[in-house]
Amino acid sequence: MNLNDAQLREKIARGPGGGKNSPRICLGCGTCAAGCPMTGIEGFDPRIIVRMAQTNRFQELGNSVLPWLCTMCGRCEESCPMDVRIVSMVREARGMGGNKTIPEAIRRGIEMFMAHGNNLGLPDEDFGFIVEDVAEELTEEPGFEDFVLPVDKEDARLLFTLHNKLVNTQNEDLKHWWKILHAAEESWTLPGSSWEGVNWGLFSGQDEVLQAGVDTIVKNMERLKTRGLMYPE
Amino acid sequence: MNQNVRALVIGAGISGIRAALDLAEAGHSVLLTEKALAPGGLLLSLDRQFPDNHCGLCRILPGDITGRVWNACMRRGFGHPDIEYLPGVEVLDIQGTPGNLSALMNRRGLKVDPQKCTGCLECLKVCPVSQPYPLAPGLGQCKAVHPSAPHKPDNWLSINPDACTLCGKCMEVCPTGAIHAAEGNGPESMDKLSLAVLATGVEYFDPQLHNHLGCGHWPDAITSLDFERLISGVGPTRGVLRRPSDLGKVRKAAWIQCAGSRNLKLNADHCSGICCMIALKQALLAREKGMQCALFYMDLRTPGRNWQKYLNQAQQKGIRLIRCRPHSIVRDPGEDSLRIAYAPAPGEQRDENFDLIVFSVGRDPGYKLPAWAGQEGVIVTKGSERVLDIAGSLIAASAAAGRALRSFSDSCAQPGGEAYVSEHEHIHPSVLVVGGGPAGLSAALSLAEQKTQVVLVEKKDHLGGHAIKSMVPEVREQVLELRDKVQKHPEIEVLNEARLQSCTGPAGRFVARLLDARGHKREVKHGAAILACGTNPSRVETEDPRIINVFDLPEKLLSPDAPGNSSGRTVFILCSGTRREPADYCSKVCCQLALRQAIEIRRLNPESEVTIFYRDIIVQGDDEQLYTRARSDGVCFIPYLPEKPPVFQAGEKSVTVQGVDPYLKEDLQIEADRLILASGVIPESASDLARIFDIQSTEHGFLKEADVKYRPLDSVRAGIFVCGSGRNPVLAGEAVLEGEAAAQTALSWLARGRRNWPGSFVRVKTALCSLCAMCLQACPFKARYPDEHTGAMAVDALACQGCGACIAVCPNKASAWAGQEEEEMHELE
């Protein structure tokens, strides 16, 4: 994403989030900084981000580490008396930096996602093995003897995506979800491929990655004809 | 008395009382309604007012009122022979045409008859209703029947009709039968009203409803209105500052400014104007009681000639000013104080505990005038549209009274009688207005339209003052229209290029001597003088055409081919040379002017860069929107500290401006194509006028009023009035309002000629007078003069205010209280 100077100015004048709340309108009151969990860490302060955006130094901001110190929790935006969309701005600044500022873990996750449909780069076969294994364990528990994992079941009510950590290190947590769904007699399905529920395009500021993540979910919903989406991220 | 005019004034706060007094003093009959049972409005809550921390409500009563009003302290009630005061009455609607309005009113609830009530308070014990204490809703509950105002005796009880369930228990228990349903309760129509003045004031923001930072959740986070009661000697804690939650001692208190103001999320793109000064006053009061005080603010708004000094004083006394807004208020487990999280500088986050947190509340962004306020014949005081301070409210109320009378005389074929022609031999029925700016023009026109002769004296060869060059088209049009009307009005004689030389004579029989445009001597007899001399821009000492005074930024510089435009850079430095000695005051006009210019430069040249260095952006009311607009239009604002102002140097190619961006903690160097300096205004002709008219001026040369809060447009001398920027810097619109108010004040003075004057407070025993003239020196009101007929010093009854200074200073005891011999005074002891 490379914008020329004029486009940049235009973008800043319009402001992220639709134009009404450009960073220019910032009063410098520091309500954001007072509520920010990162203020003071490595010199971080939301006011610096807003000020750089105000003074046409958006590219410099994107190239810096500042947008990556932000946790994007949104406490600043919630309390901003001028309604400046600080989080959206941080996300855009992250996108401005291109690949070189994105932290290694996120960059690799995104690469994996673009190549394999999930951030771990887990082959569908391995995924199938892991979830069936957990499902089998669940049937050994009292009350869940009849549990059947609904993989790629058509016409279910909910499509259920997963946070990748549940198939990686926290398999046990899968059971909690499935127990609830089972007890509620929910009609749901787990996609056998492109099951990733974590969209790191949101954090990297890359709209194309964000789009790709959304697309895989939409395609799964169309393929399996589900009506709703359960998105536990 | 002109009984043809019957005026209705709605709201008996300070504005309504002022308007009612002005109408009554001018000889009209007045109905004054008040929704509550006690008069005084918001000021009932405010025991102490800056800058002297006293109450001065009674000072608005006319000087001759002794004996005509049943009680001079308005905190205890209000009465005036020509004003029918109707408490407990709400006006629901007004219809009709000017001259024949009818008002729908509602009387409600039970009443307690103070004549019968013995103050036993049995009714309080049986009342089953609990309601938030009306004067301080954040400080607890009281019964539906409660003392009507804190300063009233116990037999002055109110029953809040909104809370009362009409259960009748109080009526049963009352031993003297003092409680009864008010006679004529219910809606009622009042007809044949000539005009109405709406003076209900604004509604205040309730942070509890918005849970603003936790107000309403924490009992120790209260509003500034609650604080007034908490520190009041007759408040719930008898003036001892205690935490509402546990009555624990308050050691540290914090004020949080702009609660409900300057907040786009609350749709509040306005400044409430008075909260900065109120917070400073409250912090100073708390400081006097030994508290540590901190004030969280964004721009400390101390407009005009007076308040910068007050701010300096607050800082000297140890009030901490912290420029930022806190994020949240929490109470940590085990702690009894509240913790505020704030970030005073980039990367610097702090937590600090306070026992008491005060939210400075202003106008509720949801407040709207009633629909009937737009009815023809209803005049709305400015104080009902935005929050004004005491002086501002009084000025706006007098102006509204004047507008009401003028609109009425326009729309009626036969204005009622000879309203303003003084027949009193001692007061000459004409007014000398000095200064042809917006204040002088509006004063002259207001007087003339109320059938009073005016001589308008202007130093320059044209009328309109600086305002005819205003950037605001509406201001220009308003001033030009005023000028046209003044020049055409048969009651007004305009003397351009006139030089005033002296003004002599006792109050009401003044004689001014002047040289007219051709150098001819003129004498002007007048009964009153209105001094409206205005100010001039202070000079910027430079030869460099790129360094420009904000007042001189010519219109051509706003065009795209001017230097600094197109893709160029413009830098403004505000408070350049003002708000520090020797000009330690705020000129008020520069901020809004700079904002307008910056917006205009950006509009004409979207590629240009505009930077404004400022200390505090001081704009008030809806002018806040100028500041918001300038920011969103891309003007860069950089705050600076007075001890570290930006420096500039004119180079060959550009003017280099060096400063610091406090957000980025970076040194800045801007190569500016032009530099605009706001160096304030100076009252150049005010001190001359003060000398000629023998009134006081301030240390900076502004005309001084008799009382900065309660008699803002009177001078200490009876019959001499002051208004406009020469008194205190004002925007053009405010100057117009002040002119109208000064005219009304002058008319009340002229109208004294029609009344029976009670005589002087002081008499002179001529046989004892040695003509030592010590009384002449001592009298602050210039009410003493040598009487040619008696050969002794005499008292000008119209000017004497009864201060007693002459009696104290007289070595021969020749001066004495009229009607009270010394022996009688001793008996009183």
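Treat the numbers as computed from the prediction; the structure is a model and nothing was measured.

Another aspect to go through is the overall build of chain B. In terms of regular secondary structure, chain B is built from 17 helices and 44 strands. The globule rule puts the C-alpha radius of gyration for 829 residues at 28 Å, and the 28 Å found for chain B is close to it. Its C-alpha atoms put chain B at 85 × 80 × 60 Å along the principal axes. Buried residues in chain B amount to 59% of all 829 residues. For chain B, restricting intrachain contacts to residue pairs at least 6 apart in sequence, the fraction spanning at least 24 positions comes to 69%. In chain B, the 91 positive side-chain charges and the 96 negative ones have mean positions that sit 2 Å from each other.

Helices and strands together make up the secondary structure of chain A, namely 13 helices and three strands. Taken along its principal axes, the extent of the C-alpha atoms in chain A is 60 × 35 × 30 Å. When each of the 233 residues of chain A is scored for burial, the buried share is 51%. Of the roughly 10800 Å² of accessible surface on chain A, a fraction of 52% belongs to carbon and sulfur atoms. Positive and negative charge centroids in chain A, built from 24 and 35 side chains respectively, lie 12 Å apart.

To continue, consider the domain arrangement of chain B. All names here are of chain B. Along its sequence, chain B is carved into domain 1 (1-108 + 184-202 + 367-415), domain 2 (109-181), domain 3 (212-361), domain 4 (431-535 + 683-754), domain 5 (538-680) and domain 6 (762-826). A C-alpha centroid distance of 31 Å is found between domain 3 and domain 5. At the surface where domain 3 touches domain 5, the tally comes to 16 residue pairs in polar contact (both at pLDDT 80 or more). With four residues, helix H7 (residues 307-316) is the largest single contributor of residues to the side of domain 3 that touches domain 5. Across the side of domain 3 that touches domain 5, the residue classes break down as eight nonpolar, six polar and seven charged.

All names here are of chain B. Relative to the assigned elements, Asp-516 resides in the loop between strand E27 (510-515) and strand E28 (521-526). No salt bridge is formed by the buried Asp-516; the nearest opposite charge belongs to Arg-518, separated by 4.6 Å. Among the polar contacts made by the side chain of Asp-516, one reaches the main-chain amide nitrogen of Arg-518 at a distance of 3.0 Å. Excluding its chain neighbours within four sequence positions, the residues that come into contact with Asp-516 are Glu-497, Ala-498 and Arg-522.

This brings us to the interface of chain B and chain A. On the chain A side, the residues contacting the 35 residues of chain B number 31 residues. Buried area between chain B and chain A, summed over both chains or domains, comes out near 2700 Å², and the portion from carbon and sulfur atoms is 53%. Of all residues in chain B, the largest losses of buried area upon contact with chain A belong to Lys-265, His-327 and Tyr-663 of chain B, amounting jointly to 25% of the total for that side. Along the contact surface separating chain B from chain A lie three salt bridges. A salt bridge links Asp-661 of chain B to Arg-51 of chain A, with the nearest nitrogen and oxygen atoms 2.9 Å apart. Inspection of the region where chain B meets chain A yields 19 residue pairs in polar contact (both at pLDDT 80 or more). Top element by residues in the side of chain B that touches chain A is strand E19 (residues 338-345) of chain B. It accounts for five residues. Looking at the side of chain B that touches chain A residue by residue, the classes come out as 16 nonpolar, eight polar and eleven charged.

Bringing the nonpolar core into the picture now. A general feature of soluble globular proteins is that nonpolar side chains tend to end up buried together. Formed by 85 residues in total, the largest nonpolar core has its most connected members in Leu-432, Leu-500, Ile-530, Leu-531, Phe-693, Leu-703 and Trp-749 of chain B. When residues of this core are assigned to their parent elements, the largest contribution, eleven residues, is made by helix H14 (residues 732-751) of chain B. Setting aside residues up to four positions removed in sequence, Phe-693 of chain B forms contacts with Leu-432, Val-434, Leu-500, Cys-503, His-526, Ala-529, Leu-531, Arg-717 and Ile-720 of chain B. Within the second largest apolar cluster, 65 residues are counted, among which are Cys-36 and Cys-80 of chain A together with Val-550 and Leu-731 of chain B.

Applying the stated criterion to the full structure yields 62 salt bridges over all chains. One salt bridge in this structure joins Asp-207 of chain A and Arg-91 of chain A, with 2.9 Å as the shortest N-O distance. Residue Asp-207 of chain A is located in helix H13 (residues 207-224), and its partner Arg-91 of chain A is located in helix H7 (residues 86-96); the two are separated by 116 residues in the primary sequence. By relative accessible area, which is 13% here, Arg-91 of chain A ends up buried. Among the ionic contacts, a cluster of salt bridges with common partners joins Arg-262, Asp-299, Arg-301, Arg-323, Arg-579, Asp-616 and Glu-624 of chain B.

Residue and element names in this part refer to chain A. Taken together, three strands build an open sheet; the order of strands is E2-E1-E3 and the sheet is parallel. On the outer flanks of this sheet lie strand E2 (188-189) and strand E3 (228-230), each paired with one strand and no other. Relative to the sheet, H13 contacts strand E1 (158-160), E2 and E3, its axis offset from that of E1 by approximately 135 degrees.

Residue and element names in this part refer to chain B. With parallel pairing, five strands are arranged side by side in an open sheet as E14-E21-E15-E16-E17. Taken across any chain shown, the strands that pair with only one partner, and hence form the sheet edges, are strand E14 (221-223) and strand E17 (320-323). Across the sheet, the mean angle from the axis of one strand to that of its neighbour is 25 degrees, orientation sign disregarded. When strand E15 (residues 252-259) meets strand E21 (residues 356-361), the two strands line up parallel, connected through five bridges. Paired with Trp-255 across the bridge in E21 is Val-358. On the sheet, helix H6 (residues 275-288) packs against E15, strand E16 (292-297), E17 and E21 and is oriented at approximately 175 degrees with respect to E15.

The next thing to look at is the packing of aromatic side chains. Describing an aromatic ring pair means giving the distance of the ring centres and the angle of the ring planes. Summed over all chains, the structure comprises 13 aromatic pairs over all chains. Ring centres of Phe-227 of chain B and Trp-255 of chain B lie 5.3 Å apart, and the angle between their planes is 75 degrees; this geometry places the pair in the edge-to-face category. Of this pair, Phe-227 of chain B sits in helix H5 (residues 224-230) while Trp-255 of chain B sits in strand E15; the two residues are 28 residues apart in sequence, bridging distant segments of the chain. Residue classification places Trp-255 of chain B among the buried positions, given a relative accessible area of 0%. Through successive ring pairs, a cluster of aromatic residues spans Phe-147, Phe-160, Trp-177, Trp-178 and Trp-188 of chain A. Lying across the ring of Phe-354 of chain B, Lys-252 of chain B places its NZ or CZ 4.8 Å from the centre.

Moving on, we get to the environment of Gly-304 of chain B. All names here are of chain B. On the secondary structure map, Gly-304 appears in the loop between E16 and H7. Along the backbone, Gly-304 and Ser-587 are 283 residues apart, and their C-alpha atoms lie at a distance of 5.6 Å. When sequence neighbours within four positions are dropped, the list of residues in contact with Gly-304 reads Tyr-585, Cys-586, Lys-588, Asn-728 and Pro-729.

Right, let's talk about H6 of chain B for a bit. Residues and elements named next belong to chain B. When the terminal C-alpha atoms of H6 are compared, their 20 Å separation across 14 residues agrees well with the 20 Å that a helix rising 1.5 Å per residue should span. For H6, a buried count of twelve out of 14 residues is recorded, marking the element as mostly surrounded by other parts of the structure. Residues of H6 that are buried include every one of Cys-275, Cys-276, Met-277, Ile-278, Ala-279, Leu-280, Lys-281, Gln-282, Ala-283, Leu-284, Leu-285 and Ala-286, and no others. Phi turns positive, to about 90 degrees, at Gly-290, one or two residues after H6.

Here we take up the pairing of strand E37 (residues 666-672) of chain B. All names here are of chain B. Bridge count for strand E36 (residues 655-661) against E37 is seven bridges, and the pairing is antiparallel. Looking at E37, one finds that Val-660 is bridged to Asp-667. Hairpin connection from E36 to E37: four residues lie between these consecutive antiparallel strands, with Lys-665 at a positive phi of about 50 degrees.

Turning to the environment of Glu-186 of chain A, a few remarks are in order. Residue and element names in this part refer to chain A. By secondary structure assignment, the location of Glu-186 is in the loop between helix H11 (171-183) and E2. Note: C-alpha distance between Glu-186 and Phe-127 (59 residues apart in sequence) is 22 Å. Setting aside chain neighbours within four positions, we find Glu-186 in contact with Arg-157, Leu-158 and Leu-181.

What follows covers unusual backbone geometry. Here Phe-50 of chain B and Pro-51 of chain B are connected by a cis peptide whose omega angle stands at 5 degrees. The residue Pro-51 of chain B is located in the loop between strand E2 (28-34) and strand E3 (83-87) in this model. In the segment running from Glu-581 of chain B into Pro-582 of chain B, the intervening peptide bond is cis, with an omega of 5 degrees. With respect to the helices and strands, Pro-582 of chain B occurs in the loop between strand E32 (569-573) and helix H11 (589-604). Even without glycine at this site, Ser-194 of chain A takes up a positive phi of about 50 degrees. You can see Ser-194 of chain A is positioned in the loop between E2 and helix H12 (201-204).

The rules behind the values
- Residues numbered from 1 in each chain as written.
- Chains lettered and ligands numbered in written order.
- Predicted model: local features only at pLDDT ≥ 70, side-chain atom pairs only at ≥ 80, totals over all residues.
- Heavy atoms only, no water.
- Helix = DSSP H or I, 4+ residues; strand = E, 2+ residues; numbered from the N terminus.
- Rg over C-alpha atoms; globule rule 2.2 N^0.38 Å.
- Buried < 20%, exposed > 50% of the residue type's maximum accessible area, 1.4 Å probe, protein only.
- Contact = heavy atoms within 4.5 Å.
- Lys, Arg positive; Asp, Glu negative; His and termini not counted.
- Charge placed at Lys NZ, Arg CZ, Asp CG, Glu CD.
- Areas by Shrake-Rupley, 256 points an atom, 1.4 Å probe, with all protein chains shown as cover.
- Domains from an automatic or database assignment.
- Polar contact = N/O pair within 3.5 Å; in protein donor to acceptor, adjacent residues only side chain to side chain.
- Nonpolar A, V, L, I, M, F, W, Y, C, P; charged D, E, K, R; others polar.
- Salt bridge = Lys/Arg side-chain N within 4 Å of Asp/Glu carboxyl O.
- Buried area = accessible area lost by both parts, 1.4 Å probe.
- Core = buried A, V, L, I, M, F, W, Y, C linked by side-chain atoms within 4.5 Å.
- Pairing = 2+ DSSP bridges.
- Axes fitted to C-alpha atoms, helices over the stretch in contact; angles between N-to-C directions.
- Phe/Tyr/Trp six-rings, centres within 6.5 Å; stacked < 30°, edge-to-face > 60°.
- Lys NZ or Arg CZ within 6 Å of the ring centre and 35° of its normal.
- Expected span 1.5 Å × (residues − 1).

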